[in-house]
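Close look at the chain arrangement
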Amino acid sequence: MTQDEMKKEAGWAALKYVKKDSIVGVGTGSTVNHFIDALGSIKDDIKGAVSSSVASTEKLKALGIRIYDCNDIEKLDVYIDGADEINPEKDMIKGGGAALTREKIVAAISEQFICIVDNTKTVEVLGQFPLPVEVIPMAREQVSREIKRLGGDPVYREGVMTDNGNIIIDVHGLHITDPKSLEVTLNNIPGVVTNGLFAHRGADVIIIGTPDGAQVIC
Ligand code: 5RP
């Protein structure tokens, strides 16, 4: 089975967490794209979605799914999104698709975070995948210097602008044994909008696509 087929297993398995007549929080990425296809198959049973990126919004709209503004919603039952890495505590690195800030906002108003991944994304310790940090453009060099002081190796993601008009710095060389603490430390650097550690608001359920089908970890 290919990696994409495993992503599809996870994406379609997430449908069972979607409640009738609800507004669904929708993340971003290739795994989520499978979930959006699945959501399209029950579009008449839901009210619509709050989306975490322009790309997901376009895909949802193309399937006829109504988009709600995050500002009009106080609480969502579920948020369904992928991850670049997830550890046994259900802390995640996200932002490979540069949508981390909006993803964090939608996750923050959601009762349950369902993380959908293929089986290459599970790790014991986070950090092998470079940690994305969304940064205000004028702070690029200053934030990079601070990251070096913290022991990371910052690499500017050339040619990428986030949906919020900012840049991404990917931090290589980390071995993240205390994700909660690093999440706060990085967010305290002036110029950082947010970083891709989702530890303070981690996942509640992981659905892992495997060659034997979808495996659910609660
Ligand atoms: C986007 C994300 C994605 O969830 C993450 O990059 C995983 O993507 P994919 O499902 O394509 O592997 O955080 O910002």
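Every value quoted in this text rests on a predicted model; they were computed, and no experiment measured them.

Moving on to the overall build of the chain. Of regular secondary structure, the chain possesses six helices and 13 strands. In terms of principal-axis extent, the alpha carbons of the chain reach across some 50 × 40 × 30 Å. When each of the 218 residues of the chain is scored for burial, the buried share is 53%. Partitioning the contacts of the chain with sequence separation of at least 6, the portion at a separation of at least 24 is 72%.

Turning our attention to the domain arrangement of the chain. Taken domain by domain, the chain holds domain 1 (3-123 + 200-217) and domain 2 (131-196). Placing a centre on the C-alpha atoms of domain 1 and another on those of domain 2 gives a separation of 24 Å. On the domain 2 side, the residues contacting the 16 residues of domain 1 number 20 residues. At the boundary of domain 1 with domain 2, total buried surface from both sides reaches about 1400 Å², with 53% on carbon and sulfur atoms. By the criterion of area lost to domain 2, the three top residues of domain 1 are Leu-100, Lys-104 and His-200, representing 40% of everything that side buries. Our count for the contact surface shared by domain 1 and domain 2 stands at 12 residue pairs in polar contact (both at pLDDT 80 or more). Only strand 5 (92-93) and helix 4 (100-108) provide two or more residues apiece to the side of domain 1 that touches domain 2. By residue number, the principal contributor to the side of domain 1 that touches domain 2 is helix 4, which donates four residues. Residue composition of the side of domain 1 that touches domain 2, by class: five nonpolar, seven polar and four charged.

Close contacts around the ligand come from 17 residues, with Ser-30, Thr-31, Asp-84, Gly-95 and Lys-121 the closest. At 2.6 Å, a side-chain N or O of Thr-31 approaches an oxygen atom of the ligand. Residue Lys-121 places a side-chain N or O atom 2.7 Å away from an oxygen atom belonging to the ligand. Here the ligand has 380 Å² of accessible area as a free molecule, and 92% of this is covered by the chains. Taken together, the residues of the shell around the ligand sort by class into three nonpolar, eight polar and six charged.

Annotation from UniProt places "active site" (unreviewed entry) at Glu-103. Relative to the helices and strands, Glu-103 resides in helix 4. Excluding anything up to four places from it in sequence, Glu-103 contacts Thr-28, Ser-52, Tyr-79, Asp-81, Lys-94, Gly-95 and Phe-198.

Attention now goes to the sheet that holds strand 12 (residues 205-210). On the basis of which strands lie adjacent, the open sheet formed by six strands has the order 2-1-3-6-12-13 and mixed pairing. At either margin of the open sheet sits one strand with a lone partner, and together these are strand 2 (48-51) and strand 13 (213-217). Ignoring strand direction, the axes of neighbouring strands in this sheet form an average angle of 25°. As defined by bridge partners, strand 3 (residues 76-81) adjoins strand 6 (residues 110-118) across five bridges and the pair is classed as parallel. If you follow Leu-76 over to strand 6, its bridge partner there is Ser-110. Lying on the sheet, helix 1 (residues 3-13) is in contact with strand 6, strand 12 and strand 13; it crosses strand 12 at an angle near 140°. Packed onto the sheet, helix 2 (residues 30-40) meets strand 1 (23-26), strand 3 and strand 6 and runs at close to 160° relative to strand 1.

Parameters and conventions
Residues numbered from 1 in each chain as written. Predicted model: local features only at pLDDT ≥ 70, side-chain atom pairs only at ≥ 80, totals over all residues. Heavy atoms only, no water. Helix = DSSP H or I, 4+ residues; strand = E, 2+ residues; numbered from the N terminus. Buried < 20%, exposed > 50% of the residue type's maximum accessible area, 1.4 Å probe, protein only. Contact = heavy atoms within 4.5 Å. Domains from an automatic or database assignment. Buried area = accessible area lost by both parts, 1.4 Å probe. Polar contact = N/O pair within 3.5 Å; in protein donor to acceptor, adjacent residues only side chain to side chain. Nonpolar A, V, L, I, M, F, W, Y, C, P; charged D, E, K, R; others polar. Near = heavy atom within 4 Å. Areas by Shrake-Rupley, 256 points an atom, 1.4 Å probe, with all protein chains shown as cover. UniProt positions renumbered as here; feature names shortened; annotations may be inferred. Pairing = 2+ DSSP bridges. Axes fitted to C-alpha atoms, helices over the stretch in contact; angles between N-to-C directions.

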